[in-house]
Amino acid sequence: MSLPAVAVSQSPEDKFREYLASRARPQRYTGQQRDLVHYIFSRHNHFDADQLIDDMKRAGFTVSRATVYRTLAKLVDAGLLRRLELGPRTHYEHDYGYPQHEHLHCDECGQMIEFQAPAIEAAIQEVCRQHHFRASGHTFVIHGACADCTRARVAKRRLDLI
Ligand SMILES: [Zn+2]
Ligand SMILES: [Zn+2]
């Protein structure tokens, strides 16, 4: 499940190349980085570094752990990905070309539900304005149990009572 994409002028790959070239010490765009960028931007997803490494290896790519960690940090810095703090592991998702949204995270099955709420956006802007604060972004994750997990739990409780 993903939200409709936002039109962008550049491909994620071109934007990342531009970022690498604009560094104080320009960096080379390597084959592994290209595979990573293509893979990550082929579908919208919430993932952590280890999941990404496993998925890519299963898909037949050769990726080194160090390159993945370094490249993820650069993709965040370049504005292509954003970090989501979901507990002990850092998760990532598309930022570039994807609308601002918030999350419901099911702590039982791990499902992530995305939603857009203009009222939350407005409240955040208002708080920032009051504090003369220039926001660069935010993460808003509501933890709990999704409808399926709640239903399963209620059903189990009913069985326990019989
Ligand atoms: Zn669930
Ligand atoms: Zn999301």
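Up top is the structure.
Residues numbered from 1 in each chain as written. Chains lettered and ligands numbered in written order. Predicted model: local features only at pLDDT ≥ 70, side-chain atom pairs only at ≥ 80, totals over all residues. Heavy atoms only, no water.

J.: Can you break down the packing of helix α2 (residues 31-40) against helix α3 (residues 49-58) residue by residue, with the values?
T.: Two elements in contact, α2 and α3, have axes separated by 12 Å at closest approach and are oriented at 100°. With respect to α3, the axis of α2 lies roughly perpendicular. Of the residues in α3, those touching α2 at D35, L36, Y39 and I40 are L52, D55 and M56. Residues of the contact of α2 with α3, tallied by class, amount to 5 nonpolar, no polar and 2 charged. (Axes fitted to C-alpha atoms, helices over the stretch in contact; angles between N-to-C directions. Helix = DSSP H or I, 4+ residues; strand = E, 2+ residues; numbered from the N terminus. Parallel < 35°, antiparallel > 145°, perpendicular 65-115°, else oblique. Contact = heavy atoms within 4.5 Å. Nonpolar A, V, L, I, M, F, W, Y, C, P; charged D, E, K, R; others polar.)

J.: I'd love a proper account of the packing of aromatic side chains, names of residues and values included.
T.: What the rule picks out here adds up to 4 aromatic pairs. Ring geometry for F16 against Y29: centres 6.0 Å apart, planes inclined by 75°, an arrangement best described as edge-to-face. Residue F16 is found in helix α1 (residues 12-21), and its partner Y29 is found in the loop between α1 and α2; the two are separated by 13 residues along the sequence. Using a relative accessible area of 0% as the deciding quantity, one classes F16 as buried. Here Y39 and F61 contribute two aromatic rings whose centre-to-centre distance is 5.9 Å and whose plane-to-plane angle is 75°, an arrangement assigned as edge-to-face. In this pair, Y39 is assigned in helix α2 and F61 in the loop between α3 and α4 (65-77), connecting sequence segments 22 residues apart. Ring pairs connect the aromatic residues F16, Y19 and Y29, which therefore count as one cluster. (Phe/Tyr/Trp six-rings, centres within 6.5 Å; stacked < 30°, edge-to-face > 60°. Buried < 20%, exposed > 50% of the residue type's maximum accessible area, 1.4 Å probe, protein only.)

J.: Lay out the pattern of salt bridges with the relevant residues and their values.
T.: Inspection of every chain in the model, using the stated rule, returns 11 salt bridges. R23 is the partner of D77 in a salt bridge, and the nearest nitrogen-oxygen pair spans 3.7 Å. On the criterion of sequence distance, the pair formed by D77 in helix α4 and R23 in the loop between α1 and α2 is long-range, its members being 54 residues apart. One salt bridge connects D50 with R65, and the closest N-O pair in it is separated by 2.7 Å. Residue D50 is found in helix α3, and its partner R65 is found in helix α4; the two are separated by 15 residues along the sequence. A network of salt bridges, in which partner residues are shared, links D48, D50, R65 and R89. (Salt bridge = Lys/Arg side-chain N within 4 Å of Asp/Glu carboxyl O.)

J.: Give me the lowdown on the coordination of the zinc ion (ligand 1), citing residues and values where you can.
T.: Taken together, C106 (SG), C109 (SG), C146 (SG) and C149 (SG) make up the full set of protein donors to the zinc ion (ligand 1), lying 2.3 to 2.4 Å away. Coordination at the zinc ion (ligand 1) comes from 4 donor atoms whose angles at the metal span 104 to 114°, giving a geometry best classed as tetrahedral. In primary-sequence terms, the residues that donate to the zinc ion (ligand 1) follow C-x2-C-x36-C-x2-C. Residue C106 is classed as buried on the basis of its relative accessible area, which comes to 3%. (Donors = N, O, S within 2.8 Å, 3.2 Å for Na, K, Ca; no water. Tetrahedral: all angles 85-135°; square planar, octahedral: opposite > 155°, others 65-115°.)

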